[in-house]
Amino acid sequence: MDSRPSLFKPDVARYLLSDEGEQIIDEVVKHPICMVPAIFISLVGILVMFAAPVAGRLWIVVVIVGMVIALIGLWKFHGLSMDRFVITNMRVYRVHGIVERHVATMPLSRILDISVMQSLWGMTFDYGHFTFESAAEAQGLREITFVGDPRGRDLMIQRVIQRAGVRASAQARELDDGS
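Each chain carries its own residue numbering, running from 1 in the direction its sequence is written. Reporting of local features is limited, given that this is a predicted model, to residues whose pLDDT is at least 70; pairs of side-chain atoms are given and counted only at 80 or more, and all residues count toward the totals for whole chains, interfaces and linings. Each side-chain value is derived from all of the structure's non-hydrogen atoms; neither hydrogens nor water enter the calculation.

## Some words on the pairing of strand β2 (residues 84-88)
Along a regular strand, successive side chains alternate from one face of the sheet to the other. To sort residues, take the accessible area from a 1.4 Å probe on protein chains only and compare it with the maximum for the residue type: under 20% means buried, over 50% means exposed, and anything in between is partly exposed. Secondary structure is summarised from DSSP: a helix means a run of H or I of at least four residues, a strand means a run of E of at least two, and numbering begins at the N terminus for each. In terms of residue burial, β2 counts as a mostly covered element, since 5 of its 5 residues are buried. Here β2 shows no split at all, with R84, V86 and T88 on one side and F85 and I87 on the other all buried. Two strands pair if DSSP finds at least two bridges between them. As paired strands, strand β1 (residues 24-29) and β2 are joined by 5 bridges and run antiparallel to one another. Bridge pairing in β2 links V29 to R84. Here β2 pairs with strand β3 (residues 91-96) via 4 bridges, running antiparallel. In the strand pairing of β3, V86 is matched with Y93. The antiparallel pairing of β2 with β3 creates a hairpin that spans 2 residues between the two strands.

## Some thoughts on the environment of P10
Checked against the element boundaries, P10 lands in the segment before β1. Residue classification places P10 among the buried residues on the basis of a relative accessible area of 4%. Taking the C-alpha atoms as reference points, P10 and D83, separated by 73 residues in sequence, lie 7.4 Å from one another. With residues up to four places along the chain from it excluded, the contact list for P10 reads Y15, M82, R84, V95 and R101. Residues count as neighbours in contact if any of their non-hydrogen atoms are within 4.5 Å of one another.

## Topic: a nonpolar patch on the surface
Each patch is assembled from residues with relative accessible area greater than 30% and no salt bridge, linking like charges that lie within 9 Å and nonpolar side chains (Val, Leu, Ile, Met, Phe, Trp, Tyr) that lie within 5 Å. Surface accessibility in these figures is a Shrake-Rupley result with a 1.4 Å probe; residues are shielded only by whichever protein chains are displayed. Any Lys or Arg side-chain nitrogen located within 4 Å of an Asp or Glu carboxyl oxygen qualifies as a salt bridge. A contiguous nonpolar patch, built from L58, W59, I60, V61, I64, V65, V68 and I72 and spanning about 720 Å² of accessible area, is present on the exposed surface. For V61, a relative accessible area of 44% gives the class partly exposed.

## So, unusual backbone geometry
Of all residues except glycine, most have a negative phi; of all peptide bonds, most are trans. Here D11, not a glycine, exhibits a phi torsion of approximately 45°, which is positive. Note on placement: D11 falls in the segment before β1. Unlike most non-glycine residues, F146 shows phi in positive territory, near 55°. Along the chain, the position of F146 falls in strand β7 (residues 143-148). Look at F146 and you get partly exposed, because its relative accessible area is 26%.

## Thoughts on the sheet that holds strand β6 (residues 127-134)
Across the sheet, 3 strands lie side by side as β5-β6-β7; this open sheet has antiparallel pairing. Edge strands, defined here as strands with exactly one partner in the open sheet, are β5 (111-117) and β7. The average undirected angle you get between the axes of adjacent strands in this sheet is 25°. Bridge count for β6 against β7 is 4 bridges, and the pairing is antiparallel. By the bridge assignment, F130 is partnered in β7 with I144. Sitting on the sheet, helix α4 (residues 150-163) is in contact with β5, β6 and β7, with an inclination near 30° to β6. In this analysis, axes come from line fits to C-alpha atoms, helices being fitted only over the stretch in contact, and the angle between any two N-to-C directions falls in the range 0 to 180 degrees.

Given below as structure tokens:
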């Protein structure tokens, strides 16, 4: 198995704490609706390239401009497709980036609250945005956008937290502190 980072596959399993028994519960890709602007930009670039024959002597400039626009759209599309949110039995983490890989992690024990926001479009197309609140003031994992089936994924995270015993141990500490 190749352990080098890939420009075309996020390979979220390489960030697992396998020796500690960490397992992936769910790997969340961005909802397809967030790809629409990137696809639109690429299509505009292609249309600009098709306009080259009517540009006369400047046809090469039009082709180059069209190619640049199309490549920008493809780069945005690729960046979105490389963005992963991972739920494990021990933590949640996000892996994103093409040339530079960014990983933000939050242990289940640090999650105090999860807010799910769905706009009208989100309710129509079944996607939402998650906001994680933790005990830490500054955190690397706060917002996860364009999550498909947000209600189901929220319930999944709540179940994983419950099964891990994090909530029960936190409640027991609160009771001990209160007496």
